[in-house]
Amino acid sequence: MTTSTETKEKEPLNFIEEIIEEDIRNGKHAGRVHTRFPPEPNGFLHIGHAKALVVNFETAQKYGGKTNLRLDDTNPSTENTDYVDNIKNDIRWLGFEWEGEELYASDYFEQLYQFAVKLIHKGLAYVDDSTPEEIAAQKGTPTAPGTESPFRNRSIEENLDLFARMRAGDFPDGSRVLRAKVDMASPNMHMRDPVIYRIKHEHHHRTGDDWCIYPMYDFAHGQSDSIEEITHSLCSLEFRHHRPLYDWFIEKLEIFPSRQIEFARMNVAYMITSKRRLMKLVTDNYVTGWDDPRMPTLAGMRRRGYPAPAIREFCRRAGTARRDNVIEYELLEFCVREELNRTSLRSMVVLDPLKVVITNYPEGQVEDMSIENNPEDPNAGHRTMPFSQELYIERDDYMDDPPKNYHRLAPGKDVRLKSAYIIHCDEVIRDANGEVSELHCSYYPDSRSGSDTSGIKAKGVIHWVSAPHAIQAEVRLYDRLFTDPEPTNHEDRDYIEFYNTNSLQVVTAFAEPSLKNAQPGQTFQFLRKGYFCTDTDSTPANPVFNLTVNLKDSWSK
RNA sequence: AGACCCAUAGUGUAACGGUAGCACACCAGAUUUUGGUUCUGUUCGUCAAGGUUCGAAUCCUUGUGGGUCUACCA
């Protein structure tokens, strides 16, 4: 008996979606949804930006809306076009396409200037000759109200004249600012007559030397939202205290009422997202660059082999709410494995080799063994791998004196060589130090994979490569960059103290011959080991692979 | 110290006054020519104390804990 009209549970909405759906119900902005992603072009995009990207783009997509890319370039001292290019590239790689051409806050400098003039006309802004120190003192403290600047009540005419001369370049840097006249006694520090324009005789990456005054964030961001008619301006929690100012400017300027909504930024255990701290890792050579595979930058994660869909899924699963959070690294790894399990081709690579000689295998004989490329994908087909008398297996796939539930090789034990024969360990050869240097094994000729009539049941299956056919490859094994889940959260210790000195280990591995053609960026599963990505340093003569993430291992525990 | 924000399994996130769910992690088992994948199951939670109510994770009060704010950065 089936219930024909059973409706499926509607998936829960996050608080932003609830606000949007209510706005749509109320006919606000005729149901239009338009978001924006507003990075400052002074650094590389990282995992935190990925979350902001997903929230902004996917929320808009869900409601048939649009998303602008707007570079928030109001401070020429730190911003440049190289960063712009990298940001655009990273966003496209993550899988998002913004509406039209990318936009710049600097496109609105003239309009912003006119907004300021309008404020002055309304008696709501004034030129202040106070020094930075004096202004800071006037601000007061959170517990004590501020004091008014002696320049607060200049005439509109004088303010107009002075502001025009600021623009004209009549004054040196730091000598004057334009301040909004709000409320020096407000409990919200941001409302205590915030500086909205400062003098900076500096070359801007787009407007060149057209301007020597530049708007502050609070007088650029919200106004840019408004100019672009952004309906929902999604930002992180620390801007909560800016919202009354955001709304105040919209009201006083009588411009399009964009609405700012704050959500908690995503923190990920063992990762940091501070631009300054990330920069230090690069400049002090803790990593090789912004795209070092250990870096939490999109460039680094891309090089590491994290697929864009996995990063997007990770951001979705982390959820969107308004409370502080630290997402476990394991969730990211889960999303990466989930994607890579579906998509990556399998191959066999021995990272820590131990030689095996099949004593009863005809010397010089080579057989082509057929191996599935991806058991999760029947369409991925098969490849062949040469099998010969001398092989390499993983050193930890052999033990002298194994525990009873060890399924691999040991003296007198059998093991299946994946997609090849079952072998029996007859003899252990040791070097002068007593270390195992070689295994002499015999194979069961009737146990060939696919036509096994031996009747032998080997509990273990291990990977292997043919010694004379294997190619050497550099394999870079990565671990988390920090040894503490929240390296920047210790009052008494610097985050650098938690730098993981074992975060990179380089080994020379023996890989199956097919890997000779691996292209940079291509991902593989090295059977029983993990997912790996061909590095940008890789060449056919010197292949290089990065460990993306290891396979789950329920044995080593 | 003041203002504002936040508090649900280990970690995240739902439940919108009416059975506290889901995901990851963990543990156990089944399957497996990857100790992978897949499947099944177990354990574990409403910060505290009052109040309102037939009924509170949800509303109110107080407390506790955490976060944000005092840049001519964004």
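Everything quoted here is computed from the prediction, not taken from an experiment. Each chain has its residues counted from 1, following the order in which its sequence is written. Think of it this way: whatever chain is written first is A, whatever ligand is written first is 1, and the rest follow in order. Per-residue local features are limited, in this predicted model, to residues with pLDDT of at least 70; the limit for side-chain atom pairs, both in listing and counting, is 80 or more; totals at the level of whole chains, interfaces and linings are taken over all residues. Side-chain numbers here rest on the full set of heavy atoms in the structure, without hydrogens or water.

Here's the deal with the overall build of chain A
Here a strand is any run of E in DSSP of at least two residues, a helix any run of H or I of at least four, and the numbering for each starts at the N terminus. Within chain A, the secondary structure is distributed over twelve helices and 25 strands. Here chain A has a C-alpha radius of gyration of 31 Å; the compact-globule value for 557 residues is 24 Å, and the former is much larger. Across its three principal directions, the C-alpha atoms of chain A cover 100 × 70 × 40 Å. The cut-offs for exposure are 20% and 50% of the maximum accessible area for each residue type, with area from a 1.4 Å probe on protein chains only; residues under the lower value are buried, those over the upper are exposed, and the others partly exposed. When each of the 557 residues of chain A is scored for burial, the buried share is 52%. In this analysis, two residues are considered to be in contact whenever any of their non-hydrogen atoms come within 4.5 Å of each other. When contacts within chain A are restricted to residue pairs at least 6 apart in sequence, long-range pairs at least 24 apart make up 70% of them. Restricting the calculation to C-alpha atoms gives the radius of gyration, and the globule rule supplies 2.2 Å times the number of residues raised to the power 0.38.

Side note on the sheet that holds strand β17 (residues 422–430)
When DSSP finds two or more bridges between a pair of strands, those strands are recorded as paired. An order of β19-β16-β17-β18-β12-β15-β20 is seen for the seven strands of this open sheet, with the pairing classed as mixed. On the outer flanks of this sheet lie β19 (461–462) and β20 (464–466), each paired with one strand and no other. Strand direction decides the pairing type here: strand β12 (residues 353–358) and strand β15 (residues 390–394), joined by five bridges, are antiparallel. Across the sheet, residue V357 finds its bridge partner in β15, namely E390.

Here we look at the environment of P172
Relative to the assigned elements, P172 resides in the loop between α6 (156–168) and β5 (177–180). When its relative accessible area of 54% is taken as the criterion, P172 is described as exposed. Residues P172 and I199, spaced 27 residues apart in sequence, show a C-alpha to C-alpha distance of 7.1 Å. Beyond its immediate sequence surroundings of up to four residues, P172 is in contact with I199 and H201.

A look at the confidence of the model for chain A
The pLDDT averaged across chain A works out to 96; a share of 98% of its residues lies at or above 70. Across the chain, each position has a pLDDT score giving the predictor's confidence in that residue, from 0 to 100. Taken together, the stretch residues 1–8 has pLDDT below 50 and engages in zero contacts with residues farther than four places along the chain or on a different chain. Two numbers describe this predicted complex: its pTM, 0.96, and its ipTM, 0.98.

What to know about the packing of aromatic side chains
For Phe, Tyr and Trp, where Trp contributes only its six-membered ring, two rings pair if their centres lie within 6.5 Å, and the inter-plane angle classes them as stacked under 30 degrees, edge-to-face over 60, or tilted in between. Throughout the structure, instances matching the rule amount to 24 aromatic pairs. A ring pair is formed by F219 and F249, whose centres lie 5.0 Å apart and whose planes are at 80 degrees; its orientation type is edge-to-face. Taken together, the positions of F219 in the loop between β7 (213–215) and α7 (221–227) and F249 in helix α8 (residues 243–253) put the pair 30 residues apart, joining distant regions of the chain. For F249, a relative accessible area of 1% corresponds to the buried category. Judged by centre distance (5.4 Å) and plane angle (75 degrees), the rings of W248 and F249 are edge-to-face. Distance and angle both matter: a charge sits over a ring if NZ of Lys or CZ of Arg is within 6 Å of the ring centre and within 35 degrees of the ring normal. The ring centre of Y113 lies 4.4 Å from the NZ or CZ of R167, which sits over that ring. In this arrangement the basic side chain of R176 is found over the ring face of F171, its NZ or CZ atom lying 4.2 Å from the centre.

Points about the sheet that holds strand β2 (residues 66–71)
Reading across the sheet, the three strands line up as β1-β2-β3 and stay open at both edges, with parallel pairing between neighbours. Each edge of the sheet is formed by a strand with only one pairing partner; in this case those strands are β1 (34–37) and β3 (103–104). Along the sheet, helix α3 (residues 81–94) contacts β1, β2 and β3; its crossing angle with β2, the most-contacted strand, is approximately 155 degrees. Each axis is a line fitted through C-alpha atoms, and for a helix only the stretch in contact is used; angles between axes span 0 to 180 degrees, taken between their N-to-C directions.

Some thoughts on unusual backbone geometry
With the exception of glycine, the majority of residues adopt a negative phi angle, and the majority of peptide bonds are in the trans configuration. Positive phi, normally seen in glycine, also occurs at H29, with a value near 50 degrees. As for its placement among the helices and strands, H29 is situated in the loop between α1 (15–25) and β1. Backbone geometry places R528, a non-glycine residue, at a positive phi of 65 degrees. Inspection of the secondary structure assignment puts R528 in the loop between β23 (523–526) and β24 (530–534). According to the relative accessible area criterion, R528 is partly exposed, its value standing at 33%.

Things to note about the pattern of salt bridges
We define a salt bridge as a contact between a side-chain nitrogen of Lys or Arg and a carboxyl oxygen of Asp or Glu at a distance within 4 Å. If you walk through the whole model with that rule in mind, you get 47 salt bridges. Residue R316 pairs with E58 through a salt bridge whose shortest N-O separation is 2.8 Å. Here R316, found in helix α11 (residues 308–318), pairs with E58, found in helix α2 (residues 47–62); they are 258 residues apart in sequence, far enough to count as distant. Classification of R316 as partly exposed rests on a relative accessible area of 38%.

Observations regarding the protein's contact with RNA strand B
The immediate surroundings of RNA strand B are formed by 64 residues, with E18, P142, A318, Q525 and R528 found nearest. Atoms of RNA strand B within 4 Å of the protein belong to the sugar or the phosphate in 61% of instances, the rest to bases. In this structure, R317 approaches RNA strand B through a side-chain N or O atom, which is 2.8 Å from a sugar or linking oxygen. Listed by contribution, the elements that provide at least two residues to the surface near RNA strand B are β6 (195–199), α11 and α12 (329–343). Looking at the surface near RNA strand B, the element that brings in the most residues is α12, giving four residues. Any residue that is not Ala, Val, Leu, Ile, Met, Phe, Trp, Tyr, Cys, Pro, Asp, Glu, Lys or Arg is counted as polar, Gly included; the first ten are nonpolar and the last four charged. Along the lines of polarity and charge, the residues of the surface near RNA strand B split into 22 nonpolar, 21 polar and 21 charged. Only heavy atoms are used to decide nearness, and a residue is near a molecule or strand if one of them lies within 4 Å of it. Here a polar contact is recorded for every N or O atom pair within 3.5 Å, except that within protein the pair must consist of a potential hydrogen donor and a potential acceptor, and residues adjacent in sequence are included only if both atoms are side-chain atoms.

Notes on the pairing of strand β18 (residues 436–443)
Burial analysis of β18 places six of its eight residues in the buried class, the great majority of the element. Where β12 meets β18, four bridges bridge the pair, whose relative direction is parallel. Residue pairing across strands places V356 opposite L439, the latter belonging to β18. With seven bridges joining them, β17 and β18 adopt antiparallel strand pairing. Residue E427 lies in a different strand from β18, and its bridge partner there is H440.

Concerning empty space enclosed by the protein
Cavities and pockets were defined on a 1 Å grid built from protein atoms only: a cavity is a group of points that admits a 1.4 Å probe but offers it no way out, a pocket is an open group of points flanked by protein on both sides within 12 Å along at least five of seven lines, and a lining residue is one with an atom within 4 Å of any such point. Grid points are joined across faces, edges and corners, and a volume is the space filled by probe spheres set on the points. Under the counting rule described, the total for this entry stands at three cavities of 30 Å³ or more. What the largest cavity holds in volume is close to 120 Å³. In terms of lining, the largest cavity is formed by 15 residues, of which the most central are M271, R294, R304, Y329 and L481. Its residues assigned to classes, the lining of the largest cavity shows eleven nonpolar, no polar and four charged. Considered as a void within the structure, the second largest cavity measures approximately 40 Å³ in volume. Residue composition of the lining of the second largest cavity, grouped by class: two nonpolar, four polar and one charged.

A closer look at the packing of α2 against α11
As a packed pair, α2 and α11 sit with axes 9 Å apart at the nearest point and diverge in direction by 80 degrees. The pairing of α2 with α11 is recorded here as roughly perpendicular in orientation. Between α2, through I47, A50, K51, V54 and E58, and α11, the contact on the second element is made entirely by I311, R312, F314, C315, R316 and A318. The class makeup of the residues in the contact of α2 with α11 is seven nonpolar, no polar and four charged. Reported orientations rely on four angle classes, namely roughly parallel under 35 degrees, roughly antiparallel over 145, roughly perpendicular from 65 to 115, and oblique for the rest.

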